[in-house]
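Understanding the architecture of this molecule
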Amino acid sequence: MSTGRRGWTEQARRVEWKHGSHHCLSGWHNLCKSDWSVCVSPLAPQDLSQLELTLQASKQNGTRPREVFLVLSVNSNVFLQLQASEIPLHLAYNPNLVTFQGPPGVNTTELPSLPTMTQILDWAAARSPITSAAKLNDPQSILLRLGQDEETEARGLARSSHLAARRSLPFCLPEASQDMGRRLEWRPRTHLVQGCRLEGVAGYKEAYILRVLPSHSSGPRTVTVKVELSCVSGDPDAILILQGPPYVSWLIDANHNMQIWTTGEYSFKIFPEKNIRGFDLPDTPQGLLEEARLLNASVVASFVELPLASFVSLRAPSCGGRLQTSPAPIQTTPPKDTCSPELLMTLIQTTCADDIMTLVLKKQLVAALRCTITGLTLGDPGCQAEDSGDQFVLRSTYSSCGMVVTANMISNEVVVNILSSSSPQRKKVYCLNMDSLSFQLGLYLSSRFLQASSTIELGQQGFVQVKMSPPIPELLLELDSCHLDLGPEGGTMELIQGRVAKSSCVNLLSPSPEGDPRFSFLFHVYTAPIPKAGTLRCTVALRPKTGSQEFRSTVFMRLNIVSPDLPGCTSKGLLLPAVLGITFGAFLIGALLTAALWYIYSHTRPPRKREPVVAVAAPASSESSSTNHSIGSTQSTPCSTSSMA
């Protein structure tokens with residue numbers, strides 16, 4: 001079927017998405033119990049790319065997480081930023097390709113050059129059974145949740161009989177497009193967005209088409225689609241077409257009114273509980289283009305095909321349908337032919353030990369950035385770097401080369417001369433005496449942060465503050481991550497991750513006047529039985545105000561949890577403050593009710609009228625009638641005495 005369209009063009013639109021699954025995933029924990037986990041991440045060939053890798057794990061039965069063996073295989077130079085707070089980690093990587101910044105205490109093993117996925121898995125399986133494996137294409141960030149979630153466990157139990165014959169294998173065989181649920185979430189760096197003009201259609205209606213490819217999903221999945229259009233003249237005349245497998249539903253978050261055309265069911269973020277039934281749409285690109293034509297769209301502003309994702313974000317710098325097309329692809333990003341001094345300065349690694357500051361810059365990374373270094377010194381020009389073959393090394397004691405020494409911090413400056421830059425690049429470098437610093441994590445039940453508490457009640461709002469002593473004005477203290485570990489009964493309540501609140505129940509507050517970071521959270525538990533205690537654990541990042549170098553430390557505190565069903569309450573099942581509050585409220589309501597009733601009574605009762613009673617003599621022939629009148633005349637009234645005479 002012909003759509004009468006011109007050649008595809010690459011559009012200046014940005015698409016981001018988060019995956020829970022992709023090619024070659026294995027999550028069969030029931031058959032592959034292991035203390036070790038494997039993540040294999042080949043990246044698309046590039047000069048140098050940055051990768052953020054975060055590992056999360058919760059304590060099991062109050063014990064420390066088991067050691068994780070992480071294998072990272074790449075095919076290009078990577079600058080790795082690793083976060084693995086409180087997780088015993090053993091990292092295997094190729095040091096010729098990977099430069100990483102991460103927490104101290106990470107054990108490392110050199111990964112040999114292995115060209116295929118099977119060879120990598122064989123190498124890892126020779127050391128321990130493999131828990132999971134993933135092959136990702138050019139990721140920008142990866143979040144690996146260690147441990148088994150409920151979705152993966154249910155799927156593993158359902159497949160146990162089918163996979164029983166594979167137990168003798170040294171590792172779990174990866175399966176293409178296998179769903180790993182919440183265990184793996186990753187964001188790719190870039191994706192090609194295509195567009196075209198549909199011939200023979202008048203007007204300037206735009207179509208934004210997203211096609212989610214089928215995968216081996218075990219149940220219903222919801223894909224959140226966020227559409228951000230930069231329209232200066234009101235809502236655009238646009239159509240959003242979403243097509244996916246039958247088990248996919250859509251949650252749409254758009255900043256402009258659009259015509260919606262989807263498969264399955266969809267809802268809007270502002271009304272997530274209201275599901276709207278979609279339509280039957282073609283499952284081919286050609287059919288979707290024809291569908292856009294039938295909806296009177298003259299321009300396909302973006303056409304994207306993605307694997308199953310949990311979140312998709314489409315951003316367009318303009319709207320209006322006036323797409324300028326050309327048969328040849330248009331290059332939207334300039335080639336990396338020049339050196340990036342900013343990125344080069346971030347690759348300088350600083351270590352501090354035995355009163356010596358050491359700075360290392362790998363030559364291979366310098367070559368990957370196409371930089372030519374003509375000089376590398378500390379603040380004292382006489383302290384120059386040594387050429388040690390594959391890297392440049394600057395080394396100095398704390399008492400030389402212009403070091404600035406204070407009670408808790410040692411600082412200097414590294415100066416890099418680059419051939420392509422007329423002025424030298426400068427960067428502050430620091431060594432911090434972490435042993436001389438202490439951190440206090442405090443829970444408060446009021447936003448005034450006056451009295452710390454070690455007890456929190458269900459449904460109560462907690463206010464958290466982290467203090468550092470002694471305070472160092474040159475350092476910024478930030479909350480990197482926080483979570484509340486409720487043990488095996490309640491699991492883990494994620495509060496902050498990546499310095500961002502993880503839910504609407506968590507609010508990042510303004511720092512204290514001394515610069516101490518603060519946040520609040522609403523404490524709730526949806527499991528039974530209710531835990532009696534938990535551990536609040538936070539990772540703080542220390543960063544000099546004049547530099548980008550960071551230092552991390554972890555602080556925690558034990559919390560007691562109380563509820564009407566737990567010890568620590570009064571004999572009537574309520575806490576003392578609750579009893580006092582109820583008593584005072586009841587007294588106040590009673591007093592107000594009494595006053596109201598008295599006011600109503602005093603203003604609505606009839607007034608007393610004191611009228612005289614006159615006795616009338618009855619005829620003598622009617623004795624009974626006279627008796628009745630006599631009785632009536634003896635009433636005690638002011639006038640009754642004279643009438644009786």
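The structure this text deals with has already been given above.
Here goes a summary of the coordinates provided. Keep in mind that this is a model prediction, so the values were computed, not measured. (Residues numbered from 1 in each chain as written. Predicted model: local features only at pLDDT ≥ 70, side-chain atom pairs only at ≥ 80, totals over all residues. Heavy atoms only, no water.)

**A look at the overall build of the protein chain**
Note the threshold: Numbered from the N terminus, helices here are DSSP runs of H or I no shorter than four residues, and strands are runs of E no shorter than two. The classification of residues rests on relative accessible area computed with a 1.4 Å probe and restricted to protein chains. Under 20% of the type maximum is buried, over 50% is exposed, and intermediate values are partly exposed. Contacts are assigned to residue pairs with any non-hydrogen atoms lying within 4.5 Å of each other. We get accessible surface area from the Shrake-Rupley algorithm with a probe of 1.4 Å; when it comes to residues, only the shown protein chains can shield them.
Of regular secondary structure, the protein chain possesses nine helices and 39 strands. For the protein chain, the proportion of its 645 residues judged to be buried stands at 44%. By sequence separation, contacts in the protein chain at least 24 residues apart represent 70% of the contacts at least 6 residues apart. Carbon and sulfur atoms make up 54% of the accessible area of the protein chain, which amounts to about 33,800 Å² in all.

**Points about the nonpolar core**
Note the following rule: Note on terminology: a nonpolar core comprises buried Ala, Val, Leu, Ile, Met, Phe, Trp, Tyr and Cys residues joined through side-chain atoms within 4.5 Å.
If you look at the biggest cluster of nonpolar residues, it comprises 35 residues, and the most contacted ones within it are Leu 484, Leu 495, Phe 519, Phe 521, Phe 523 and Leu 542. Every element with two or more residues in this core is listed here: β28 (425–432), β29 (438–444), β32 (461–469), β33 (475–485), β34 (492–497), β37 (518–522), β38 (533–544) and β39 (551–562). With residues near it in sequence (within four places) discarded, Phe 523 still touches Ile 456, Glu 457, Leu 458, Gly 459, Gln 460, Leu 484, Leu 486, Met 493 and Ile 561. Residues Ile 348, Ile 410, Val 414 and Ile 418 belong to the second largest nonpolar core, which totals 31 residues.

**A short note on empty space enclosed by the protein**
We apply this condition: Throughout, the protein atoms alone are placed on a 1 Å grid, and a set of points is a cavity if a 1.4 Å probe fits but cannot get out or a pocket if it is open with protein on both sides within 12 Å along at least five of seven lines; lining residues have an atom within 4 Å of a point. Grid points are joined across faces, edges and corners, and a volume is the space filled by probe spheres set on the points. Throughout this entry, Asp, Glu, Lys and Arg are counted as charged residues, while Ala, Val, Leu, Ile, Met, Phe, Trp, Tyr, Cys and Pro are counted as nonpolar. The remaining residues, Gly among them, count as polar.
Going through the model one piece at a time under the given rule, you end up with four cavities of 30 Å³ or more. Here the largest cavity is characterised by a volume of approximately 80 Å³. Residue assignment for the lining of the largest cavity shows that the elements contributing at least two residues are β12 (206–212), β13 (221–229), β14 (238–243), β19 (299–306) and β20 (309–316). Here the lining of the largest cavity is built from residues that sort into eleven nonpolar, one polar and no charged.

**Looking at the packing of aromatic side chains**
Spelled out, the test is: Between the rings of Phe, Tyr and Trp (Trp by its six-membered ring), a pair exists once the centres lie within 6.5 Å; its type follows the angle of the planes, with under 30 degrees stacked, over 60 edge-to-face, and the other angles tilted. A ring is scored as having a charge over it whenever the NZ atom of a lysine or the CZ atom of an arginine sits within 6 Å of its centre and within 35 degrees of its normal.
Counted according to the given criterion, the structure contains seven aromatic pairs. Summarising the aromatic geometry, the rings of Phe 519 and Phe 521 are spaced 6.2 Å apart at their centres and angled 35° between planes, so their arrangement reads as tilted. Since its relative accessible area comes to 0%, Phe 519 is described here as buried. For Phe 521, a relative accessible area of 0% translates into the label buried. The ring of Phe 556 has Arg 537 sitting right over it, with the charged end atom 4.9 Å from the ring centre.

**Thoughts on a nonpolar patch on the surface**
Worth spelling out the cut-off: What goes into a patch is any residue over 30% in relative accessible area without a salt bridge, connected to like charges within 9 Å or, for nonpolar side chains (Val, Leu, Ile, Met, Phe, Trp, Tyr), within 5 Å. We define a salt bridge as a contact between a side-chain nitrogen of Lys or Arg and a carboxyl oxygen of Asp or Glu at a distance within 4 Å.
On the surface, Phe 584, Phe 587, Leu 588 and Leu 592 cluster together to form a nonpolar patch covering roughly 470 Å² of accessible area. Positionally, Leu 592 belongs in helix α7 (residues 576–604). In this structure Leu 592 comes out as exposed when scored by relative accessible area, which is 57%.

**Brief notes about unusual backbone geometry**
At the junction of Ser 469 and Pro 470, the peptide bond is cis and its omega measures out at -5° in the coordinates. Turning to its location among the elements, Pro 470 is positioned in the loop between β32 and β33. The backbone phi angle of Asn 296 is positive, close to 70°, even though this residue is not glycine. For Asn 296, the position within the fold is in the loop between α3 (285–294) and β19. Residue classification places Asn 296 among the partly exposed positions, given a relative accessible area of 43%. Phi angles above zero are rare outside glycine, and Cys 401 is one such case at about 60°. Tracing the backbone shows Cys 401 in the loop between β25 (391–397) and β26 (404–405). According to the relative accessible area criterion, Cys 401 is buried, its value standing at 11%.

**A closer look at the sheet that holds strand β8 (residues 107–110)**
Our working definition: A pair of strands is treated as paired once DSSP finds two or more bridges between them. A fitted line through C-alpha atoms serves as each axis, taken over the contacting stretch for helices, and the angle formed by two N-to-C directions is quoted from 0 to 180°.
Taken together, the three strands give an open sheet; going across it, the order is β4-β6-β8, and neighbouring strands pair in parallel fashion. In this open sheet, the two edge strands, each paired with only one partner strand, are β4 (68–71) and β8. Direction aside, neighbouring strands of the sheet carry axes that sit 20° apart on average. Strand direction decides the pairing type here: β4 and strand β6 (residues 89–93), joined by four bridges, are parallel. Bridged to Val 68 within β6 is Leu 89. Seen against the sheet, helix α1 (residues 117–125) touches β4, β6 and β8 and runs at an angle of roughly 155° to β4.

**Observations regarding the state of the cysteines**
Selection criterion: The definition used for a disulfide is geometric: two cysteine sulfur atoms within 2.5 Å.
Scanning the model with the defined rule gives four disulfides in all. Here Cys 352 is linked by a disulfide to Cys 431, with a sulfur-sulfur distance of 1.7 Å. Classification of the bridge connecting Cys 352 and Cys 431 rests on its S-S torsion, roughly -80°, and on that basis the disulfide is left-handed. In this pair, Cys 352 sits in strand β21 (residues 349–353) while Cys 431 sits in strand β28, placing the two residues 79 residues apart along the sequence. With relative accessibility at 1%, the residue Cys 431 sits in the buried group.

**Some remarks on α1**
Here α1 has its buried residues at Met 117, Ile 120, Leu 121, Trp 123, Ala 124 and Ala 125. Where α1 is buried, its residues contact β4, β6 and β8.

**A word on the sheet that holds β37**
Ordered in space as β30-β29-β32-β37-β36, the five strands form an open sheet in which the pairing is antiparallel. Each edge of the open sheet is held by one strand with a lone partner, namely β30 (452–453) and β36 (506–509). Pairing between β32 and β37: five bridges, direction antiparallel. Each residue of the ladder has a partner; that of Gln 465, found in β37, is Arg 518.

**Details of the pattern of salt bridges**
Side chains that differ in sign of charge can pair as their charged atoms come close. Following the criterion strictly, the structure yields 13 salt bridges and no others. Glu 550 is the partner of Arg 499 in a salt bridge, and the nearest nitrogen-oxygen pair spans 2.7 Å. Here the residue Arg 499 occupies a position in the loop between β34 and β35 (500–501), and Glu 550 occupies one in the loop between β38 and β39, the gap between them amounting to 51 residues. On the basis of relative accessible area, Arg 499 is assigned to the partly exposed category, the value being 26%. The class for Glu 550 is partly exposed, based on a relative accessible area of 28%.

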